[in-house]
Amino acid sequence: MEYSFDDIAAARSLQYITYIFASIATFWMYDYACLIHEEWTFLLRSEWSKVKGLYIVTRYLPFVILTTLLYQYFTPNENPGKCRMLANICSGLGMLSAICSEGFFVLRTCALWNNNRILLAAMLVAVLTFVGACIGITFATTALATYAISAIPGITGCYWSSSGLQLFIPFLLLSVFELGLMILTLVRAMQTWRIKSSSLYAVMVKHDMFYYTCGFLFSVANICTSLLLHYSYNSVLHDFQFVILAILATRMHLHLWQTNQHAHRSDTLARIPMPVMARA
């Protein structure tokens, strides 16, 4: 039996997606196993705060996302309505994960600027605008999307059978947001580098810049896949970005807490007070 180009492209995209999600699920489990002692030390010894709650949500939300994605792509499914439901769940959880990950660095940026009220107000407006636009565009696009299963036997999962070009817009907004945070961090770091030269401050700035760079590059990659690739590949990196950024955000926060604990024990390093860093 001969298959069309679209059938073959869709089947390949489903295979690539299953490989990607299986790989990232393995990586997440490996990362969790490697850090389980440090993580539980942090969870048991650190004070309860809003940031700690944010850490828990950000850390374990990828487990729910990956479980849903693996179920969606590894189990046979001939019901388009079920595909739509699972896709909407993953989209919602992915956006929540991205918001939580970005939340760490929004708080850090505000802490770097000593919680400047004007900056806080501007950041709040930017975050609300970004979140509202992303939710509206994403669910407006997925509501109109049609789903299909592979015509080739043995290929599980379902895919979009129509183009979703509008989905590049949330990643464009995210890339602009990351770039804005990067500029604010760089400006503040150059202003205060000689004044605040502690190891904790240096770690925080390095973490911030690395995270913003990764987030920006991932967003650019998702914009390119949405605009340039076949429609069945449009969303191949969406959830991959959300999970990786969540891993980066929680790893960096854990390392920052450990650096602060070490500085506190040594009593020889100038450091940023932990009440400020706990909020950041």
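S.K.: When you look at the packing of aromatic side chains in this model, what are you seeing that I'm missing?
M.R.: Think of a pair of aromatic rings as described by two things: how far the centres are apart, and how the planes are tilted against each other in angle. Applying the stated criterion to the full structure yields twelve aromatic pairs. Look at Phe 105 and Tyr 211: their rings are 3.9 Å apart centre to centre, the planes differ by 10 degrees, and that puts the pair in the stacked class. Highlighted residues: Phe 105 in helix 3 (residues 80-112) and Tyr 211 in helix 6 (residues 199-228), separated in sequence by 106 residues. You'll find Phe 105 and Tyr 211 in the same group, each marked buried. Geometrically, the ring pair formed by Phe 218 and Phe 240 is edge-to-face, given 5.7 Å between the ring centres and 65 degrees between the ring planes. Here Phe 218, found in helix 6, pairs with Phe 240, found in helix 7 (residues 238-266); they are 22 residues apart in sequence, far enough to count as distant. On the accessibility criterion, Phe 218 (19% relative accessible area) is buried. Note on Phe 240: relative accessible area 22%, which makes it partly exposed. Within the aromatic cluster, the residues linked to one another by ring pairs are Trp 28, Tyr 32, Tyr 60 and Phe 63. Note that Lys 52 overlies the ring of Trp 48, its terminal NZ or CZ placed 4.1 Å from the centroid.

S.K.: What exactly am I supposed to notice about the packing of helix 3 against helix 6 here?
M.R.: Helix packing geometry: the angle between the two helix axes and the distance between the axes. Look at helix 3 against helix 6: their axes get within 11 Å of each other, and the N-to-C directions meet at 135 degrees. In terms of orientation, helix 3 lies oblique with respect to helix 6. Helix 6 is crossed by helix 3, and the crossing has left-handed handedness. Counted together, Ser 101, Glu 102, Phe 105, Arg 108, Thr 109 and Leu 112 of helix 3 and Tyr 201, Met 204, Val 205, His 207, Asp 208, Tyr 211 and Tyr 212 of helix 6 form the full contact between these two elements.

S.K.: How should the nonpolar core be read in this particular structure?
M.R.: Note that soluble globular proteins tend to have their nonpolar side chains buried in a common cluster. Counting 56 residues, the largest nonpolar core has Phe 104, Phe 105, Tyr 211, Tyr 212 and Leu 248 as the members making the most contacts within it. Broken down by secondary-structure element, the contributors of at least two residues to this core are helix 1 (5-45), helix 2 (50-74), helix 3, helix 4 (117-144), helix 5 (168-192), helix 6 and helix 7. The biggest single contributor to this core is helix 1, with eleven residues. By size, the runner-up hydrophobic cluster in this structure holds five residues, among which are Met 95, Val 131, Cys 134 and Leu 174.

S.K.: Sorry, what's going on with the environment of Glu 38 here?
M.R.: Counting through the fold element by element, Glu 38 comes out in helix 1. Under the relative-accessibility criterion, Glu 38 is labelled partly exposed at 28%. Beyond its immediate chain neighbours, meaning those up to four positions away, Glu 38 contacts Leu 254 and Gln 258.

S.K.: Looking at this structure, I do not really get the pattern of salt bridges. What am I missing?
M.R.: Under the defined criterion, the tally for this structure stands at four salt bridges. When the shortest N-O distance is used, the salt bridge between Asp 208 and Arg 108 registers 3.0 Å. Placement of the pair is Asp 208 in helix 6 and Arg 108 in helix 3, with a sequence separation of 100 residues. Considered together, Asp 208 and Arg 108 belong to a single accessibility category, that of buried residues.

S.K.: It is not clear to me how the environment of Val 203 should be interpreted in this structure. Could you clarify?
M.R.: As for its placement among the helices and strands, Val 203 is situated in helix 6. What makes Val 203 buried here is its relative accessible area of 16%. Val 203 sits 53 residues away from Leu 256 along the chain, and the two C-alpha atoms are 7.0 Å apart.

S.K.: What's the story with helix 2 in this structure? I'm lost.
M.R.: The α-helix winds at 3.6 residues per turn, so residues separated by three or four positions along the chain end up facing the same way. Look at helix 2: 36 Å from first C-alpha to last across 25 residues, which is about the 36 Å you get at 1.5 Å a residue. If you look at helix 2, its biggest bend is around 30 degrees, right at Tyr 60, and the proline Pro 62 turns up within four residues after that.

S.K.: Looking at this model, I keep getting lost on unusual backbone geometry. Mind explaining?
M.R.: The bulk of non-glycine residues show a negative phi, and the bulk of peptide bonds are trans. Despite not being glycine, Asn 114 has its phi angle at roughly 55 degrees, a positive value. Of note, Asn 114 is situated in the loop between helix 3 and helix 4. The phi dihedral of Asn 115 falls on the positive side, at around 55 degrees, and the residue is not glycine. Inspection of the secondary structure assignment puts Asn 115 in the loop between helix 3 and helix 4. Overall, Asn 115 belongs to the partly exposed group, its relative accessible area being 34%.

S.K.: Any chance you could explain the environment of Leu 237 here in plain terms?
M.R.: Take Leu 237: it is sitting in the loop between helix 6 and helix 7. Residue classification places Leu 237 among the partly exposed positions, given a relative accessible area of 22%. A C-alpha to C-alpha distance of 9.4 Å links Leu 237 and Ser 226, two positions eleven residues apart in sequence. Residues in contact with Leu 237, not counting those within four places in the same chain, are Ile 20, Ala 221, Asn 222 and Thr 225.

How each quantity is defined
Residues numbered from 1 in each chain as written. Predicted model: local features only at pLDDT ≥ 70, side-chain atom pairs only at ≥ 80, totals over all residues. Heavy atoms only, no water. Phe/Tyr/Trp six-rings, centres within 6.5 Å; stacked < 30°, edge-to-face > 60°. Helix = DSSP H or I, 4+ residues; strand = E, 2+ residues; numbered from the N terminus. Buried < 20%, exposed > 50% of the residue type's maximum accessible area, 1.4 Å probe, protein only. Lys NZ or Arg CZ within 6 Å of the ring centre and 35° of its normal. Axes fitted to C-alpha atoms, helices over the stretch in contact; angles between N-to-C directions. Parallel < 35°, antiparallel > 145°, perpendicular 65-115°, else oblique. Left-handed = near helix turned anticlockwise from the far one by under 90°. Contact = heavy atoms within 4.5 Å. Core = buried A, V, L, I, M, F, W, Y, C linked by side-chain atoms within 4.5 Å. Salt bridge = Lys/Arg side-chain N within 4 Å of Asp/Glu carboxyl O. Expected span 1.5 Å × (residues − 1). Bend = angle between axes of the 7 residues up to and from the residue.

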